[in-house]
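Examining the three-dimensional arrangement
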Amino acid sequence: MARVKLRVFRFNPELDGEPHYDDYDLEVDENTTVLDALLYVKENVDGTLTFRSSCRMGQCGSCAVRINKRAGLACKTYVHEVAKDGVVLVEPLDHLPVIKDLVVNLDQFFESIKAVRPWRIPASVGGEVGGMPKIPADELEKMIENKQCILCAACYSDCNVVDVDRSFVGPAALVEACRFICDPLDSHDGRLRELVDLGLFKCPVDQECEVACPRRIDIRRGVVEYLRTRSVEEGIGPLPQHKGMVECVLNTGGSVPIVETPATELYPEYVKTFEGEPQDEVVLYLGCIINRRLQGTAKAIIEILQRNRVAVHLPKGQVCCGSPFMRTGQRAVMKPFVTRNFNIFNEYAERGVEKVLTSCSGCNSTFRKDYPKLAEEYGIPIKFEIYDVGEYMAKKIKINTRDLHAVNVSLMYHYPCHIMASGLEEEIYLNLLEKIPGVELVRVPKSGWCCGGGGGVRAAYPELADKLAARRIEIAEEFGVKGLVTNCPFCILQFRRVLELKREKGEEVGFQLYDFYELFANSYRGT
């Protein structure tokens with residue numbers, strides 16, 4: 001048995017002017033769920049505590065609440081797994097009006113579901129066998145998965161876009177719509193056009209909804225990106241801005257135009273500035289943004305690797321990873337670029353350099369999650385291994401800490417969505433930052449708030465992206481944080497843009513933005 005403090009959001013509109021929190025000291029064991037704890041309080045301590053529950057088996061979804069700032073089912077969450085310093089924070093779902101304590105009004109959520117017409121619209125179809133159409137196996141699998149949604153609203157609560165734009169229909173509604181779009185018995189009758197109007201392309205594919213989903217539905221790739229691809233195939237998409245982004249890749253090999261000398265042209269194809277044998281050799285893939293916009297980040301990464309006696313191969317022929325195609329539904333024209341990168345990486349692997357490092361979190365997610373499926377689809381072997389630069393620093397080499405100088409800054413780490421999507425834990429980067437002398441690392445709850453830069457949102461909905469980035473900085477400031485560091489180029493550009501917009505409005509900006517790799521390189525430089 002262990003003692004924990006259950007800190008519960010309380011609000012009775014008939015008695016309270018403002019919400020408050022009550023603490024309850026409880027003894028729990030490894031089998032005690034958050035719902036068990038709430039039931040104990042209601043039955044033995046405070047009978048006025050109000051919350052919803054029913055099946056206690058994760059089937060009904062009624063006990064969904066926020067636990068330590070993330071939505072989940074109280075009946076499926078064990079207290080000992082989520083207690084932080086002996087405290088478990090329990091609050092009502094976000095984005096929905098509170099009726100009392102942990103009970104919210106779900107009308108708004110169910111209206112979003114109703115907006116996508118979650119019922120079958122009869123269709124006349126061909127290819128019938130015994131009066132029923134054939135259903136392709138992959139479509140049937142997708143239908144079955146999407147039918148697993150229990151409408152608990154956890155995804156709606158944790159949706160970054162809903163937080164700043166209530167016109168967005170939300171993840172659960174997209175899952176419901178996808179279920180019927182995969183159904184050959186459904187006429188589809190304008191469903192995809194409706195979804196585009198309801199915000200299909202507003203999702204930055206940050207996957208906060210997947211983290212919250214108790215059924216672990218593949219919302220990003222299996223729903224959002226699938227629906228975007230279907231919309232393009234049926235001539236409804238892409239959005240004009242997304243079409244322009246992909247045309248830039250087709251014409252120049254990168255998703256953004258060349259305005260300054262790319263980093264791949266600033267260095268030789270083989271970089272080794274230290275004496276003696278290298279600790280390791282790697283292929284460095286920079287990605288479009290770092291190669292063409294954030295050359296200082298490229299310089300910092302190469303310097304870090306040199307300081308750690310890692311020789312760098314920098315292929316001149318590297319092109320866009322293909323993420324813009326996949327995120328915006330334009331898969332049909334991406335094969336030449338993916339194939340080119342495959343061939344480059346495989347050639348190096350055949351020469352004994354098997355590790356490919358990516359400096360862009362979006363590229364890393366694409367290589368890790370999409371390339372294996374594309375390799376199978378295109379019939380290309382994968383002979384190389386993919387690592388994020390930070391992951392490589394933490395796990396594959398012995399970091400040279402002797403030459404790190406103090407950098408006296410106080411900051412928080414912004415955990416990029418695509419790093420999370422790659423399956424890389426936040427602790428990897430927190431631990432690396434703690435190796436830099438002088439860095440005061442401030443840890444804040446739910447550091448995965450999205451910057452708004454992914455999924456094509458920055459290109460098509462810049463105002464939405466700006467709202468998301470500004471909110472991230474505002475939340476950091478609420479915790480007294482005046483500095484933020486991150487290792488995603490999209491996040492860097494988004495935060496940089498928002499801070500500049502504030503300056504243009506004459507607002508005082510006392511907030512500092514740090515590039516993860518430039519911070520490390522500056523520590524080595526002593527600057």
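Residue indices begin from 1 for each chain and proceed along its sequence in written order. In view of the model being predicted, local features appear only for residues whose pLDDT reaches at least 70, and side-chain atom pairs are presented and counted only at 80 or more, with totals across whole chains, interfaces and linings using the full set of residues. For the side-chain quantities, the full set of heavy atoms in the structure was used; hydrogens and water were omitted.

1. Let's talk about the overall build of the chain
Check the secondary structure of the chain and you find 24 helices and 18 strands. Using C-alpha atoms as the atom set, the radius of gyration is obtained and then compared with a globule rule of 2.2 Å times the number of residues to the power 0.38. What you see for the chain is a C-alpha radius of gyration of 25 Å, in line with the 24 Å of a compact globule of 527 residues. Considered along the principal axes of its C-alpha atoms, the chain spans approximately 70 × 65 × 50 Å. Only protein chains enter the accessibility calculation, which uses a 1.4 Å probe; a residue is then buried when its area is under 20% of its type maximum, exposed when over 50%, and partly exposed in between. Out of the 527 residues belonging to the chain, those deemed buried represent 57%. Every residue pair with non-hydrogen atoms within 4.5 Å of one another is taken to be in contact. Pairs at least 24 residues apart make up 76% of the contacts formed inside the chain by residues separated by at least 6 positions. Only the protein chains shown count as cover for residues, and the accessible areas themselves come from Shrake-Rupley with a 1.4 Å probe. Accessible surface computed for the chain: about 22,500 Å², of which carbon and sulfur atoms make up 48%. Only four residue types enter the tally: Lys and Arg on the positive side, Asp and Glu on the negative side; His and the chain ends are excluded. For this purpose, a charge sits on NZ of Lys, CZ of Arg, CG of Asp or CD of Glu. Of the side-chain charges in the chain, 66 are positive and 75 negative, and the distance between the mean point of each set is 2 Å. Think of it this way: any DSSP run of H or I at least four residues long counts as a helix, any run of E at least two long counts as a strand, and we number them from the N terminus.

2. Digging into the pattern of salt bridges
By definition, a salt bridge exists where a carboxyl oxygen of Asp or Glu is found within 4 Å of a side-chain nitrogen of Lys or Arg. Under the defined criterion, the tally for this structure stands at 36 salt bridges. Between Glu 350 and Lys 383 there is a salt bridge, and its shortest N-O distance comes to 2.5 Å. In this pair, Glu 350 is assigned in helix H16 (residues 335-350) and Lys 383 in the loop between helix H17 (361-378) and strand S14 (385-388), connecting sequence segments 33 residues apart. Within this structure, Arg 220, Arg 221, Glu 225, Arg 327 and Asp 370 form a network of salt bridges that share partners.

3. Regarding the packing of helix H4 (residues 137-146) against helix H10 (residues 219-233)
Where H4 meets H10, the axes come as close as 12 Å, and the angle between the chain directions of the two elements is 135°. One element, H4, and the other, H10, form an angle in the oblique class. As for the relative orientation of H4 and H10, their crossing is left-handed in sense. Contacts from Glu 139, Lys 142 and Asn 146 of H4 reach H10 at Gly 222, Val 223, Tyr 226 and Arg 230. Of the residues that constitute the contact of H4 with H10, the class distribution is two nonpolar, two polar and three charged. Lines fitted to C-alpha atoms define the axes, with helix axes restricted to the stretch in contact, and inter-axis angles between N-to-C directions lie between 0 and 180 degrees. Any angle that falls under 35 degrees is termed roughly parallel, while one over 145 is termed roughly antiparallel, one within 65 to 115 roughly perpendicular, and all others oblique. Handedness of a helix crossing follows the sense of rotation of the near helix relative to the far helix, less than a right angle counterclockwise being left-handed and clockwise being right-handed. Amino acids outside the nonpolar list (Ala, Val, Leu, Ile, Met, Phe, Trp, Tyr, Cys, Pro) and the charged list (Asp, Glu, Lys, Arg) are all regarded as polar, and Gly is one of them.

4. Some words on the sheet that holds strand S18 (residues 512-515)
Any two strands with at least two DSSP-identified bridges between them are counted as paired. Strand order in the open sheet formed by four strands is S16-S15-S17-S18, with parallel pairing between adjacent strands. Of all the strands in the sheet, the pair left with one neighbour each is strand S16 (439-441) and S18. Looking at each pair of strands side by side, their axes are set apart by 40° on average, direction ignored. Its contacts with the sheet place helix H23 (residues 489-504) against strand S17 (483-486) and S18, and it is angled at close to 160° to S18.

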